[in-house]
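# Overview (structure and organization)
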Amino acid sequence: MQRPPQEDFLLKETKPHLGGGRITGDKLTSTYDLVEQMQYLYVRVVKAKDLPGKDVTGSVDPYVEVKLGNYKGTTRHFEKKTNPEWNQVFAFSKDRIQASTLEVSVKDKDVVKDDIVGRVFFDLNEIPKRVPPDSPLAPQWYRLDDKKGDKSKGELMLAVWMGTQADEAFPEAWHSDAATVSGTDGLANIRSKVYLSPKLWYLRVNVIEAQDLQPSDKGRYPDVFVKAALGNQALRTKSSQSRSINPMWNEDLMFVAAEPFEEPLILSVEDSVAPNKDEVLGKCLIPLQYVDKRLDHKPVNSRWFNLEKHVVLEGEKKKEHKFASRIHLRICLEGGYHVLDESTHYSSDLRPTAKVLWKHSIGVLELGILNAQGLMPMKTKDGRGTTDAYSVAKYGQKWVRTRTIIDSFTPKWNEQYTWEVFDPCTVVTIGVFDNCHLQGGDKAGGARDSRIGKVRIRLSTLETDRVYTHSYPLLVLHPNGVKKMGEIHLAVRFTCSSLLNMMHMYSMPLLPKMHYIHPLTVSQLDNLRHQATQIVSVRLSRAEPPLRKEVVEYMLDVGSHIWSMRRSKANFFRIMNVLGGIIAVGKWFDQICNWKNPITTVLIHILFIILVLYPELILPTIFLYLFLIGVWYYRWRPRHPPHMDTRLSHAESAHPDELDEEFDTFPTTRPADIVKMRYDRLRSIAGRIQTVVGDLATQGERLQSLLSWRDPRATALFVIFCLIAAIVLYITPFQVVALLAGFYVLRHPRFRHKLPSVPLNFYRRLPARTDCML
């Protein structure tokens, strides 16, 4: 009998054999203790010497062939060299070994048939085991045997051992699993790699004024503006109100710049001489290497720059040596902000750009990417469906990519990665993709790696030092509905170095203080986030092997802000769910008034009389009740990390027409011009409404999570605070409390701090259900 899809979309707890059984309880015992051990036979081919000549000329073009059963790996070959050096590693999975003898042959590359120069044989039962942190096995010289088994001239330096995926040789090795992949590019595309996002800065350009501009038409008042460009980012100021040759603006333009600073800032002062016609009055190029960096809001020194006018003569740019116009600017790279390159709901890093402002790390996140189950065929090869899956995880500036498992619907990666954690209220994202570049970059043409699904895990919802082993559903929304593409099996552990430091983080502002002292506008943040994601995707796609644009954009949730009927409905029902609690209290009070339960009503009457006679008991009673409710709810605290929820996302009940609208391009592909204009306008407005509705829902859900133990540390802090508040308010006269509270609320602005208060910081750090949104 087939299970209902709702059950199929749930999280499943598992009990894998982690770390070869060496994991005891939840404690760290080994560097690779969060994954299942995989046994490999490693062969390191180092070099050969004194090889005999095989050709007519007496020379040899040597390469080495490592053969084990049906699997065969070869090194590169050298032209006419008797003492070649290869230093290549081959790894054969123990699960697929079908022979008892390993054969290592040195061969001579020939046009017709490659000759065997000599061979070495190894009995698999005699091969030594190596477990890190043991030192690597030292290679040895072996005499080569000829075809008849007699000793021949020449020696080969080898090291052969049995090890696991924790071995240092594992990432660089040629794998027997990938024997069908040819070419250096193809092999590079399947190896596991670690990538670092470029270091991003906000560049603030304050355009103050210009002097001595020289418009071509002296008889009219110039309509002057400044255009600034950095890479593919272009912004312009408003037209100057002082319509003269000495215009003023005093306007800020914000850009995202990435280290190393390759492109200069290009400023041009232009005069709008006619509709759609602008005349360039002068340009200047400013390299970012020489721009001041600031860590706070203290103003930097302004500078005057000469505006150069270029004329094109016979295809060459030549300067006009005239009296130079000048422009007055204040430019700085902002180190006190955190450059947002991912959605604020799923941020994995909240540190400012400047390293000197970073706080100490509070712990370590360890992630074991074990395997995937039941993956769907993603492409057709030789007339049958196939999937070449790899996984990508992103946290902070560090991206990791597992190796690609060729042609498997149940790939086993068993790779473990570690990140430093600076804030518990952050999210790690894990995505699974199908590799469409096994033939190397050029042969793949315009192929794109297909998305199989992703998982987000908020660190604050994890208990410290506990190993979570769960199978997460990989869900993707298609035009014909939500589809389960398989499951990914993960092991996660969040280890805290100092509980006190982590608890202190709950009182700190979520973002660096510059975001509160000198806040950026919502539209500025939207535009800057778009630029930052573009820069990150371009830089990572230029790595070797590339982490492709479609992969980076899916991991960073590019396009999640575009309006869809399904998301709007989901956010609306999230709000209704939050308001449902208030409605339930109202119904309960209505029942009390109507004497539906006489005993409860009598007790409420007694409590009401006591609180009226002794008003000082009101607040202690409320806090004591909240404390008791919080302790009572501890029994039903969530035991699993949150996961993608199809019911919450309204993915199961979405109408086909709504999904068609969601997958429609933006702007729409509808033919009629009027419909197109109205449709786009509606979507952009509804997109903003959707964001506001989502933010309202987030605030309500944070309130709900105070006592839900979704974030165990935050609920513990709040419950303890309620107990202390109840005791303090019990022994303090009510009038004193009321006076102090009133005076605090009405305090003078001099005594107010620009940064958010501790309760507000604590509240903003509480988890909402945004992590579970599909």
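Per an unreviewed UniProt entry, the chain goes by C2 domain-containing family protein and derives from Tripterygium wilfordii. Quoted verbatim from the Sequence similarities (unreviewed entry) field of UniProt, the annotation for the chain is "Belongs to the MCTP family." What UniProt states about the chain under its Subcellular location (unreviewed entry) heading is, verbatim, "Membrane".

### Re the overall build of the chain
Of the regular secondary structure elements, the chain holds 15 helices and 32 strands. Projected onto the principal axes, the alpha-carbon positions of the chain cover approximately 105 × 90 × 55 Å. Expressed as a percentage of the 774 residues in the chain, the buried residues total 48%. In the chain, the share of contacts with a sequence separation of at least 24, taken over all contacts with a separation of at least 6, comes to 71%. When the accessible surface of the chain is split by element, carbon and sulfur atoms take 57% of a total near 40200 Å². Taking the average location of the 103 positive side-chain charges in the chain and that of its 87 negative ones, the two points are 4 Å from each other.

### A closer look at the domain arrangement of the chain
According to the domain assignment, the chain contains domain 1 (39-187), domain 2 (200-334), domain 3 (355-556) and domain 4 (565-772). The centre of domain 2, based on its C-alpha atoms, is set 39 Å off from the matching centre of domain 3. The partner domain 3 presents 15 residues to the 17 residues of domain 2 that form the contact. Together, the buried faces of domain 2 and domain 3 total about 1400 Å²; carbon and sulfur atoms form 65% of this surface. If you sort the residues of domain 2 by the area they bury against domain 3, Tyr202, Leu295 and His297 come out on top, with a joint share of 33%. For the interface between domain 2 and domain 3, the tally reads one salt bridge. Measuring nitrogen to oxygen at the nearest pair gives 3.6 Å for the salt bridge that ties Glu262 to Arg542. At the boundary of domain 2 and domain 3, one finds two residue pairs in polar contact (both at pLDDT 80 or more). Looking at the side of domain 2 that touches domain 3, the elements that each hand over two or more residues are β12 (200-211) and β15 (248-258).

### Digging into the UniProt feature "transmembrane region" (unreviewed entry) in the chain
Under the UniProt annotation, "transmembrane region" (unreviewed entry) lies at residues 601-634 and 716-746. Measuring from the first to the last C-alpha atom of residues 601-634 gives 27 Å, for a span that is 85% helix and 0% strand.

### Section: the packing of aromatic side chains
Enumeration over the complete set of coordinates arrives at 17 aromatic pairs. The structure contains a cluster of three or more aromatic residues connected by ring pairs, namely Tyr40, Tyr42, Trp161 and Phe170. It is Arg236 that lies over the ring of Phe225; its NZ or CZ is 3.8 Å from the centre. The ring of Tyr554 carries the charged tip of Lys454 above its face, separated from the ring centre by 4.2 Å.

### Some details on empty space enclosed by the protein
Counted under the stated rule, the structure contains four cavities of 30 Å³ or more. Approximately 200 Å³ is the volume attributed to the largest cavity. Surrounding the largest cavity, 16 residues form its lining, Leu200, His338, Val339, Asp349 and Gln397 being those nearest its centre. Its volume calculated, the second largest cavity comes out at about 130 Å³. Lining the second largest cavity we find 15 residues, and of these His175, Ala178, Ile190, Arg403 and Thr404 sit closest to its centre. Here the lining of the second largest cavity is built from residues that sort into nine nonpolar, three polar and three charged. Residues from two domains meet in the lining of the second largest cavity; each of domain 1 (39-187) and domain 3 (355-556) gives at least three.

### A few points about the environment of His77
Positionally, His77 belongs in the loop between β4 (71-74) and β5 (85-93). Taking the relative accessible area as the measure of exposure, His77 reaches 33% and is therefore partly exposed. Separated by 30 residues in sequence, His77 and Lys107 place their C-alpha atoms 9.0 Å apart. The residues contacting His77, other than those within four sequence positions of it, are Asp61, Pro62, Tyr63 and Lys109. Looking at His77, its side chain comes within polar contact range of the side chain of Glu79, at 3.3 Å.

### Structural notes on the sheet that holds strand β28 (residues 412-421)
An order of β1-β31-β32-β23-β28 is seen for the five strands of this open sheet, with the pairing classed as antiparallel. Because the sheet does not close on itself, it has two edges, and the strands there are β1 (12-13) and β28. Taken together, the 12 bridges between strand β31 (residues 467-478) and strand β32 (residues 481-496) define a ladder with antiparallel strand orientation. For Val476, the partnering residue across the bridge sits in β32 and is Lys483.

### What about a nonpolar patch on the surface?
A cluster of nonpolar side chains, namely Trp595, Ile599, Val602, Leu603, Ile606, Phe608, Ile609, Ile610, Val612, Leu613 and Tyr614, defines an oily patch on the protein surface of about 1100 Å² accessible area. With respect to the secondary-structure elements, Val612 resides in helix α9 (residues 598-613).

### What to know about the sheet that holds strand β11 (residues 193-196)
Where strands meet in a sheet, backbone hydrogen bonds hold them as pairs that are either parallel or antiparallel. Spatially, β11-β27-β26-β29-β30 is the arrangement adopted by the five strands of the open sheet, whose pairing is antiparallel. The two strands at the open ends of the sheet, each matched to only one other strand, are β11 and β30 (450-458). Looking at each pair of strands side by side, their axes are set apart by 20° on average, direction ignored. In the sheet, strand β26 (residues 389-395) pairs with strand β27 (residues 398-401) via four bridges, with the strands oriented antiparallel. Counterpart to Val392 in the pairing with β27 is Arg401.

### Looking at the environment of Leu511
Mapped onto the fold, Leu511 is located in the loop between α4 (499-505) and α5 (514-517). Spatially, the C-alpha atoms of Leu511 and Leu459 are 17 Å apart, while their sequence positions differ by 52 residues. Excluding residues that lie within four positions of it along the chain, Leu511 makes contacts with His338, Leu340, Leu350 and Tyr516.

Definitions and limits used
- Residues numbered from 1 in each chain as written.
- Predicted model: local features only at pLDDT ≥ 70, side-chain atom pairs only at ≥ 80, totals over all residues.
- Heavy atoms only, no water.
- UniProt positions renumbered as here; feature names shortened; annotations may be inferred.
- Helix = DSSP H or I, 4+ residues; strand = E, 2+ residues; numbered from the N terminus.
- Buried < 20%, exposed > 50% of the residue type's maximum accessible area, 1.4 Å probe, protein only.
- Contact = heavy atoms within 4.5 Å.
- Areas by Shrake-Rupley, 256 points an atom, 1.4 Å probe, with all protein chains shown as cover.
- Lys, Arg positive; Asp, Glu negative; His and termini not counted.
- Charge placed at Lys NZ, Arg CZ, Asp CG, Glu CD.
- Domains from an automatic or database assignment.
- Buried area = accessible area lost by both parts, 1.4 Å probe.
- Salt bridge = Lys/Arg side-chain N within 4 Å of Asp/Glu carboxyl O.
- Polar contact = N/O pair within 3.5 Å; in protein donor to acceptor, adjacent residues only side chain to side chain.
- Phe/Tyr/Trp six-rings, centres within 6.5 Å; stacked < 30°, edge-to-face > 60°.
- Lys NZ or Arg CZ within 6 Å of the ring centre and 35° of its normal.
- 1 Å grid on protein atoms, 1.4 Å probe; cavity = no way out; pocket = protein on both sides within 12 Å on 5 of 7 lines; lining within 4 Å.
- Points joined across faces, edges and corners; volume = space filled by probe spheres on them.
- Nonpolar A, V, L, I, M, F, W, Y, C, P; charged D, E, K, R; others polar.
- Pairing = 2+ DSSP bridges.
- Patch = residues over 30% accessible without salt bridge, like charges linked within 9 Å, V, L, I, M, F, W, Y side chains within 5 Å.
- Axes fitted to C-alpha atoms, helices over the stretch in contact; angles between N-to-C directions.

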